[in-house]
4 protein chains.
Amino acid sequence: MQSPQTPAPRFPIAHPFDDDKLREECGIFGVIGVQDAASFVALGLHALQHRGQEAGGIVTHDPVQGFNSARRFGYVRDNFTSTTVMETLPGPLGIGHVRYSTAGSKGQTQIRDVQPFFGEFAMGGAAIAHNGNITNANALRRELIERGSIFQSSSDSECIIHLMARSLQRNIPERMEDALRRVEGAFSVVAMTRTKLIGVRDPLGVRPLVLGRIGDGWVLSSETCALDIIGAEFIREIEPGEMVVITAESGVQSHFPFRPQPSKFCIFEHVYFSRPDSILGGRSVYETREAIGRELAKESPVEADLVCPVPDSGTPAAIGFSLESGIPYAMGIIRNQYMGRTFIEPTEQIRNMGVRLKLNVNRALIRGKRVILVDDSVVRGTTSRKIKDMILDAGAKEVHFRIASPPTAWPCFYGVDTPEREKLLAATMTEDEMREHLGVDSLKFISLDGLYRAVGESKGRDKACPQYCDACFSGEYPVTPSDMIDKGFALKAAE
Amino acid sequence: MQSPQTPAPRFPIAHPFDDDKLREECGIFGVIGVQDAASFVALGLHALQHRGQEAGGIVTHDPVQGFNSARRFGYVRDNFTSTTVMETLPGPLGIGHVRYSTAGSKGQTQIRDVQPFFGEFAMGGAAIAHNGNITNANALRRELIERGSIFQSSSDSECIIHLMARSLQRNIPERMEDALRRVEGAFSVVAMTRTKLIGVRDPLGVRPLVLGRIGDGWVLSSETCALDIIGAEFIREIEPGEMVVITAESGVQSHFPFRPQPSKFCIFEHVYFSRPDSILGGRSVYETREAIGRELAKESPVEADLVCPVPDSGTPAAIGFSLESGIPYAMGIIRNQYMGRTFIEPTEQIRNMGVRLKLNVNRALIRGKRVILVDDSVVRGTTSRKIKDMILDAGAKEVHFRIASPPTAWPCFYGVDTPEREKLLAATMTEDEMREHLGVDSLKFISLDGLYRAVGESKGRDKACPQYCDACFSGEYPVTPSDMIDKGFALKAAE
Amino acid sequence: MQSPQTPAPRFPIAHPFDDDKLREECGIFGVIGVQDAASFVALGLHALQHRGQEAGGIVTHDPVQGFNSARRFGYVRDNFTSTTVMETLPGPLGIGHVRYSTAGSKGQTQIRDVQPFFGEFAMGGAAIAHNGNITNANALRRELIERGSIFQSSSDSECIIHLMARSLQRNIPERMEDALRRVEGAFSVVAMTRTKLIGVRDPLGVRPLVLGRIGDGWVLSSETCALDIIGAEFIREIEPGEMVVITAESGVQSHFPFRPQPSKFCIFEHVYFSRPDSILGGRSVYETREAIGRELAKESPVEADLVCPVPDSGTPAAIGFSLESGIPYAMGIIRNQYMGRTFIEPTEQIRNMGVRLKLNVNRALIRGKRVILVDDSVVRGTTSRKIKDMILDAGAKEVHFRIASPPTAWPCFYGVDTPEREKLLAATMTEDEMREHLGVDSLKFISLDGLYRAVGESKGRDKACPQYCDACFSGEYPVTPSDMIDKGFALKAAE
Amino acid sequence: MQSPQTPAPRFPIAHPFDDDKLREECGIFGVIGVQDAASFVALGLHALQHRGQEAGGIVTHDPVQGFNSARRFGYVRDNFTSTTVMETLPGPLGIGHVRYSTAGSKGQTQIRDVQPFFGEFAMGGAAIAHNGNITNANALRRELIERGSIFQSSSDSECIIHLMARSLQRNIPERMEDALRRVEGAFSVVAMTRTKLIGVRDPLGVRPLVLGRIGDGWVLSSETCALDIIGAEFIREIEPGEMVVITAESGVQSHFPFRPQPSKFCIFEHVYFSRPDSILGGRSVYETREAIGRELAKESPVEADLVCPVPDSGTPAAIGFSLESGIPYAMGIIRNQYMGRTFIEPTEQIRNMGVRLKLNVNRALIRGKRVILVDDSVVRGTTSRKIKDMILDAGAKEVHFRIASPPTAWPCFYGVDTPEREKLLAATMTEDEMREHLGVDSLKFISLDGLYRAVGESKGRDKACPQYCDACFSGEYPVTPSDMIDKGFALKAAE
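Residues numbered from 1 in each chain as written. Chains lettered and ligands numbered in written order. Predicted model: local features only at pLDDT ≥ 70, side-chain atom pairs only at ≥ 80, totals over all residues. Heavy atoms only, no water.

Another point: the packing of aromatic side chains. The full count for this structure, using the stated rule, is 62 aromatic pairs over all chains. Consider the rings of A:Y338 and D:Y75, whose centres lie 5.5 Å apart with planes at 75°: the pair is edge-to-face. Placement of A:Y338 in the loop between β19 (333-335) and α11 (348-353) and of D:Y75 in the loop between β4 (66-73) and α2 (76-79) is noted, with the two residues assigned to different chains. We note that A:Y338, like D:Y75, is buried. On the numbers, 5.7 Å between centres and 35° between planes, the contact of B:F268 with B:F473 is tilted. Of this pair, B:F268 sits in helix α8 (residues 268-273) while B:F473 sits in helix α17 (residues 471-474), placing them 205 residues apart in sequence. Like B:F473, B:F268 is buried. The ring of A:W410 carries A:R421 above its face, with NZ or CZ at 3.6 Å from the centroid. (Phe/Tyr/Trp six-rings, centres within 6.5 Å; stacked < 30°, edge-to-face > 60°. Helix = DSSP H or I, 4+ residues; strand = E, 2+ residues; numbered from the N terminus. Buried < 20%, exposed > 50% of the residue type's maximum accessible area, 1.4 Å probe, protein only. Lys NZ or Arg CZ within 6 Å of the ring centre and 35° of its normal.)

Here we come to the sheet that holds strand β21 (residues 370-375) of chain D. All names here are of chain D. Here we have 4 strands laid out as an open sheet, ordered β18-β21-β22-β24, and parallel in their pairing. Both outer strands of the open sheet, β18 (306-309) and β24 (442-445), are each paired with one neighbouring strand and no more. The average angle at which neighbouring strand axes cross in this sheet is 20°, direction not considered. Pairing of β18 with β21, which is carried by 4 bridges, proceeds in the parallel orientation. Bridge pairing in β21 links P309 to V374. (Pairing = 2+ DSSP bridges. Axes fitted to C-alpha atoms, helices over the stretch in contact; angles between N-to-C directions.)

So, about the environment of C:H61. Residue and element names in this part refer to chain C. Within the element layout of this structure, H61 appears in strand β3 (residues 55-62). Residue contacts for H61: discarding those within four places in its chain leaves G66, F67, P90, G91, P92, L93, M192 and R194. In terms of polar contacts, H61 uses its side chain to reach the backbone carbonyl oxygen of R194, at 3.4 Å. (Contact = heavy atoms within 4.5 Å. Polar contact = N/O pair within 3.5 Å; in protein donor to acceptor, adjacent residues only side chain to side chain.)

Another aspect to go through is unusual backbone geometry. Residue B:D312 is reached from B:P311 by a cis peptide bond, and omega for that bond is -10°. On the secondary structure map, B:D312 appears in the loop between β18 (306-309) and α10 (315-325). Cis geometry is adopted by the peptide bond preceding C:P116, which originates at C:Q115 and carries an omega value of 0°. Within the element layout of this structure, C:P116 appears in the loop between β5 (93-99) and β6 (117-121). Phi is positive for A:D36, close to 60°, though the residue is something other than glycine. Summarising the element assignment, A:D36 is placed in the loop between β2 (26-32) and α1 (37-47). Residue classification places A:D36 among the partly exposed positions, given a relative accessible area of 31%.

It is worth spelling out the nonpolar core at this point. In terms of nonpolar packing, the biggest core is built from 161 residues, with A:L373 and D:L373 touching the most fellow members. With residues near it in sequence (within four places) discarded, A:L373 still touches A:C308, A:V310, A:I333, A:I387, A:I391, A:V399, A:H400, A:F401 and A:R402. Core analysis: the next-biggest nonpolar cluster, separate from the first, contains 157 residues, B:L306, B:I333, C:L22 and C:C266 among them. (Core = buried A, V, L, I, M, F, W, Y, C linked by side-chain atoms within 4.5 Å.)

The subject of this paragraph is the packing of helix α5 (residues 158-166) of chain B against helix α6 (residues 172-182) of chain B. All names here are of chain B. Two numbers describe how α5 lies on α6: the axes approach to 8 Å, and their chain directions differ by 120°. Here α5 is positioned oblique relative to α6, judged by the angle of their axes. In the packing of α5 onto α6, the handedness of the crossing is right-handed. Along its contact with α5, which presents I160, L163, M164 and A165, the element α6 presents I172, R175, M176, A179, L180 and R182. (Parallel < 35°, antiparallel > 145°, perpendicular 65-115°, else oblique. Left-handed = near helix turned anticlockwise from the far one by under 90°.)

Further remarks concern the UniProt feature "active site" (unreviewed entry) in chain A. All names here are of chain A. Taking the UniProt record as the reference, the feature "active site" (unreviewed entry) is found at C26. Judged by its relative accessible area of 4%, C26 is buried. Not counting chain neighbours up to four residues away, the residues in contact with C26 comprise R51, H97, V98, R99, H130 and N131. (UniProt positions renumbered as here; feature names shortened; annotations may be inferred.)

Attention now moves to the interface of chain B and chain C. On the chain C side, the residues contacting the 62 residues of chain B number 62 residues. Between chain B and chain C lies a buried interface of about 5400 Å² when both sides are counted; carbon and sulfur atoms form 58% of it. The three residues of chain B that bury the most area against chain C are B:R77, B:Y338 and B:Q349, which together make up 14% of that side's buried surface. Our count for the contact surface shared by chain B and chain C stands at 0 salt bridges. Where chain B meets chain C, there are 19 residue pairs in polar contact (both at pLDDT 80 or more). Of the residues forming the side of chain B that touches chain C, the biggest block, 5 residues, is contributed by helix α1 (residues 37-47) of chain B. Residues belonging to the side of chain B that touches chain C are distributed by class as follows: 30 nonpolar, 20 polar and 12 charged. (Buried area = accessible area lost by both parts, 1.4 Å probe. Salt bridge = Lys/Arg side-chain N within 4 Å of Asp/Glu carboxyl O. Nonpolar A, V, L, I, M, F, W, Y, C, P; charged D, E, K, R; others polar.)

In this section: the relation of the copies chain B and chain C. Overlaying chain B on chain C yields an RMSD of 0.0 Å, the required transformation being a rotation through 180° with an accompanying axial translation of 0.0 Å. This pairing of chains is accounted for by a two-fold axis. A share of 100% of interface residues in chain B that are also interface residues in chain C marks the association as one of identical surfaces. (Least-squares fit on C-alpha atoms with pLDDT ≥ 70 in both.)

Another point: helix α4 (residues 137-146) of chain A. Inspection of α4(A) places A:A137, A:L140, A:R141, A:L144 and A:I145 among the buried residues, and these make up the whole buried set. On an axial view of α4(A), the arc spanned by its buried residues comes to 130°, and they lie on one face. On its buried side, α4(A) packs onto β7 (124-134), α5 (158-166) and α18 (482-486) of chain A together with β6 (117-121) of chain B. Remark: A:G148 follows α4(A) within two positions and exhibits a positive phi of approximately 105°. (Arc of directions from axis to C-beta.)

Turning our eyes to something else, we now look at the state of the cysteines. As used here, a disulfide is simply a covalent bond connecting the sulfur atoms of two cysteines. In the structure shown here, the tally under the stated rule is 0 disulfides over all chains. The thiol sulfur of A:C472 is not disulfide-bonded, and the nearest other cysteine sulfur, from A:C266, lies at 6.5 Å. Its sulfur unpaired, D:C469 is 6.2 Å from the next cysteine sulfur, which belongs to D:C266. Accessibility expressed as a relative area gives 8% for D:C469, which makes it buried. (Disulfide = S-S within 2.5 Å.)

Another point: the side chain of D:R51. Residue and element names in this part refer to chain D. Mapped onto the elements of the fold, R51 is located in the loop between α1 (37-47) and β3 (55-62). At a separation of 3.0 Å, a polar atom in the side chain of R51 contacts the main-chain carbonyl oxygen of C26. Among all residues touching R51, those that are not within four sequence positions of it are E24, E25, C26, G27, N131, R207, P208, S222, E223, E269 and S274.

Whether parallel or antiparallel, the strands of a sheet pair through hydrogen bonds between backbone atoms. Residues and elements named next belong to chain C. The sheet built from 4 strands is open, its strands ordered β18-β21-β22-β24 with parallel pairing. Each of the sheet's edge strands pairs with one partner strand only, and the pair in question is β18 (306-309) and β24 (442-445). Averaged over all pairs of adjacent strands, the angle between strand axes in this sheet comes to 20°, irrespective of strand direction. On top of the sheet, helix α13 (residues 382-393) reaches β21 (370-375) and β22 (398-403); it is set at about 150° to β22, its chief contact.

Turning our attention to the packing of helix α9 (residues 285-299) of chain A against helix α10 (residues 315-325) of chain A. Residues and elements named next belong to chain A. Where α9 meets α10, the closest approach of the two axes is 6 Å, and the angle between their N-to-C directions is 50°. For the element pair α9 / α10, the angle class is oblique. Handedness of the crossing formed by α9 with α10: right-handed. Two secondary-structure elements touch here, α9 through Y286, R289, E290, G293, R294, L296, A297 and K298 and α10 through P316, A317, I319, G320, F321, L323, E324 and S325. Classifying every residue of the contact of α9 with α10 by side-chain character gives 8 nonpolar, 3 polar and 5 charged.

Here we come to the arrangement of the chains. There is a gap between chain A and chain C: no contact, and a shortest C-alpha distance of 14 Å. Chain B shows no contact with chain D. Their nearest C-alpha atoms sit 14 Å apart.

On to the environment of B:L43. Examined against the element boundaries, B:L43 turns out to sit in helix α1. Here B:L43 falls in the buried class, since its relative accessible area comes to 1%. As a C-alpha pair, B:L43 and B:L227 span 184 residues in sequence and 9.3 Å in three-dimensional space. Filtering out sequence-adjacent residues up to four positions away, B:L43 remains in contact with B:I229, B:I230, C:I350, C:M353 and C:L357.

With that settled, consider the side chain of A:D470. All names here are of chain A. Turning to its location among the elements, D470 is positioned in the loop between β25 (468-469) and α17 (471-474). A polar side-chain atom of D470 sits 2.9 Å from a polar atom in the side chain of Y452. Apart from residues lying up to four places away in sequence, D470 is in contact with I267, L448, Y452, R461 and G475.

Here's what the structure looks like:
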């Protein structure tokens, strides 16, 4: 049976081009101990907008006016900047969330599915925002409904707040520990009570979460680029399995409520999800991507006249490839910067334009040239074909694709929106079949070991216990996706 | 502590003039066994719009598409008529609600406070809409939160759905009985499961609820005027304390789950709340109001040239007064029919116009005349003064007020929005002081016995056990308003 | 060839019911010598909203900020009340306009068709607003385009401003005289320069225009009800063929620039267009309509139990009929006051409801009764049939229609929106055929002489030179509708 | 005296960062001989959006439905893509316009100022859209008003349509020639009648206009990138002083109605205005900008670790600089791609963030490095300072600015929005003073000769008769800006 649905305003789900990308589902941000926390949260979410463009929400708490919240469809810059809205969110403590779409909602997202979620407990209220995915959410929801909980959204994250409401513990951080112990999957969480800012990463540390300092206050954020925008200092990453409870007076207190496990950070954050100016593992994501490009040039060299990125995500790897290979870097494809979102209810003629609405080939530059195109990944392959057509149509002599990630052959169940397995090009074709399908002169992916080297593992991937979650490439899932298995998903056969 | 709030679009709360009226808080409507139930619900709610203009909601169920809902601020005609919206509400079964404001929300209403409420139970979903007020809601809410319920709204009516979620009974109608036995106050309820339409009136029958037939289908509605608009036949009133469970196949099944009590229907429904074309107790409300006017003319005659209604609610009583007294009826005050809502964020100059924006005196008609003005009630008295000023300013020789209800001296706690007691003119002044305060030549209210006679009780009011709830006039509350007493409200001293 | 069109927001053109009415096309208002003229204009237009609901516009002039304007689709109360908008319209001098639709625009109205129109001349700017219709507009437009004028709208009224631009006269009032001498048809005009408020009525005085005084300032308005709302004193009507030029310093100067002709005020203003609280010829319109009802009762008496108005326009005549006949007056039909506009893009089911959305019969009152229904006019007859059906369906024993105007058999070309002649019921049927077509027990219209008596012409209509324009009843057009004759309209054959 | 103004929706005028750029004021596009011309125009305007983001308009003609138009504030992709809007623009012939702001409007733009303009002449209608600026517009407007023309906008371009209306010639192309001979300044024009598409460039050819072919149809566009998006073939540039009149049947007819003059194409189109994938003079703009970077590296070399562009406009020159100098290219500054427009009515805290909202420094990459920053131009210098601060704050050791254009010391009067002269940094400071003001280690502009070499003039600038209009650098204006001189602008003193 289906829950009642209020139709959301029809926000275009994706760029005409980007829907051939994997999509990070969420960004989270929290701050305590500052004046007008909501403005900081809004700025942080604006810097994290690449992690979710569909909707955003902010909750703040003020000693006099209590908890307040605002949740909207659309961009942060359009919803959370005007004085009119921000005045309704007073107080020195706040958290926020941007989202793509949750696992829960089948069709259109509802405004009530937009986080943070809020719950009122006997000892006071708490708000919570979540990046990741709960892999046993269906079972938890069933259990909670049987006990008499009323769900207000189709979001799996709401389970956490109901588990907290039913916990026997006496304060909110302890109730949160209690609740999170029942949750399986990947989760980075920011939460708040009237006086505390709380951050948690799951025991594997699949999704990122960092700690920053601003004046006398503290910040939690999915990425460091959101610390930069508000001028906060980057302190450290929250560790896998760590829970930090922060108050304005006592600062940061750290707990490790879960059983310790080897860390499994998402390797795709390095490849595509995180912003190039964020810092992961002490190095800028940009530098890692440049290193991927260098590694790719070493693994799969080819003679050519130009190295061109597929804008914008292929750019750092293309620069790396050019630096390593000595082949000049050039902008052979130009992106229309006014193509913020796809067209709404477009005419037939406009829909047919497809990728041309967003990209144009620099015809005079490309004509007669042998071109290396560097892209970050191939998902369905639909866009890669169109780009190849445009490049050949402009008179290129040869087209060589170099991909800055291994073949994406498995869906992600830890908070990333991937097509069903059968729609992933690499799930059904060999590399050579893919080359033929795309119709290019050559197609090479970086090797899994090459990728591990580029992110700093000089010996490559530890097969026995991989240093990262690379399930989308390897099919090796560090947490069993139990809800999906209930629905019939088949794990990779043991070798 | 305060719940988090999403600011609602600023809908003007009231007409510049009507805010000196008592306001019915809700209208409810449900239908089963028709094609496209949502359109019928929308039409029914449109006919019940006088019972609540702030917001409306509809829930429907379709065997294929499950439960769907839409909730909006503003008029039914603006929100629930377009094909675009109505297509999202398929199915043969639906309920709806229009509201003024709930007891719960102190300030601005939130969209999540708009009914119907929906809950998903282990045995399926249910939606519920409520007209009335729960007088022990605070205590219930406190108890439920302690048990781990998460409230999504500030509406007291949500208690019912949480009580149902925690009931030990095995089907939804039985859970609803279970829940409503814990609830004190006035309630007429329409609810629905996937296959059933349910209607309940509280044991005193304070608020109205009627049953109608349309083709092979059934209808529940606050008033009969909403049966007329869809062409449904009026069958009967739901009785006090009755619960009807209706399926498309088996028709109407009637239960009486509560301990029987003497009926206490709200007498003010006759005076003002219900539409004049609705039928209450077998007679049109219009005729009852005309009878009130006749009674008033008998009790408090006066020599004059014209009987004029204060439009539009005073009209039937003024016609009755004219028919009884033989003094000609005339439209001395003309209402601007384009004044649907008050002005939003108006300039100083426009705000100062006040009642002139809505009413104008027919100067050429009034000049030099002795005028009887018939109004339905005096609440704060602010508007009555302004009207008197306009009439005198137009050159009337004398002004006599005749009021179609007794002095309103006590607040209502059963689903009607009344000012605090100290703001009610009749709570602090005698009739003579009021006459002086209003500055009119005479001021007369109908007697409580006269009102009872006009509604058909030929012997007047039964002092020992009044036939109606008349607490707003008498201060005798048939259900103890326990939440309000907790907050310090003082009942009338025993005489 | 057709002009380029910007699609207007789809504003419903009419009430589901009122589209069987003739519609006044415009209301005009101007004020000089007050603080914040725009607020006064907005209030005046709000009071004149019954003369045009599609759109409105205001132009003001301020010594520092020059001319400013705002033009919007929709109601005055929604567009011209907020501080935000009104602050953009500073100054002590302003004019405004509400409109139904102009003769010019075939399909949707454009915002550029919304008056007032503004033109910049060598000696300064002027704005102009017009109520009426120019019967030689096509010819004038053709001539002006050949001379090199660029029209910005499809409105005929724009001719006046182009004629003024090309006038050889040296000041704006003289240019306006010059322009208006070329114009044929009916026109009441308010106009303004930087320092002057100007009012003109055509030589026949077909449309109304009155002068009022407020403090040290002056007001021009279509009707007196718009003087009342701002608290202005009614001074006098502008005379047919009179032009008044008003300055803050020198007051009102009167000219008579046209050749004198016998006055032909529109008699339908008395019957339907003007508001009942306006004063025409020294008597309230309400009283005239009551007199029409009395006259009708004398001319066409019938035995019955109740006299009921078709709300709201039939109300005063019904009261008059009741007073004269002694048959009790009652509200047998109740109007839904939330039915401000028709539904937008409604579902099939809602569209089929038709008049039920707006009107409901007071079933309990009507059952078994002989009912006289009083309406102001019969245009197409479509609504009259539906009302008769509703009344009979409610169980009435007999239905007698009494109509407060003679049969409407001819279209109006002087600023009123009438259907084409063949769609007027009275153009193709005798009174008896109409009675049969409507399916009522009797149908009677007031006689043309009876109507003249009711408006105060004790001897009835002067056949040789009628005292009013009654072309819609008589087919005698006081100004030859030359554009329409070019398009093939056939005048009534000489008898 | 000021014209009446309808306040436009408050569209942010510029990016928080880009307001330190010169801004092209318009892009124009037209197509004939295709099905559904409006969709092609919309796509073309989308590709030209960088030439104007404030508003856009489209006019089409259809044999049956005549001329139709739509004009809107905001982006093309938001306004001109939905079926709902595009259905109102049928026909095989259409023109369109995107605009920044016209010379005429002092404050807010009005929707009536949005082109194309339409005029109805005795021989039929015509629409016209204009890129450039009329330097004798004030004088022309004064003359036209004296002759009786009524202007509907504050746009200077409207003069053309009024001159055409008053021309003695007998067809529209001849009237346009007649009108344009009276016009001084820079203008590229696309226009249309019912059957003809017309394109004109002023005798100096200051602004671009190109001709393309699509199927059997023809296209006119400001730039070739708009041919690419619809798949049209680039035929040739319209020549300075050329008028092309195109019909579906007879194809392109070329005239040269003006006295021949040496060409003066705007050199800034190469530097900044045109899109990098457009072709000017047979070479991609990207390649020219890369050549500028190479030239700059030759003229002003410096030892450093990284060459970083100021995104996005400095990118091609930075790549050229890197290729020439051998210093690695890197993305040291990352642009937030969700920062489409500035924030509306932002809170204090958000406003203070300034350039951080849009750009972030890649801190981990920059730390300890000597950085060359390549930007396209320095206008006020405000943004350059902020960027320098961000780079130093991130720990850069040295910062060297290299600017891909000579110092901008003079305003443009030919269709580009420049600050008043005194606000141009280069108008009041020497290069050394600028370096000190900006606080960087070195600051070098490309020389005027270097720029000419980069655009293909191997001998550099011809001082006697420069091959381009470079007034913004040299102060040598090829057309006397007579309106501006009337207002007090002082030309450069003869040397």
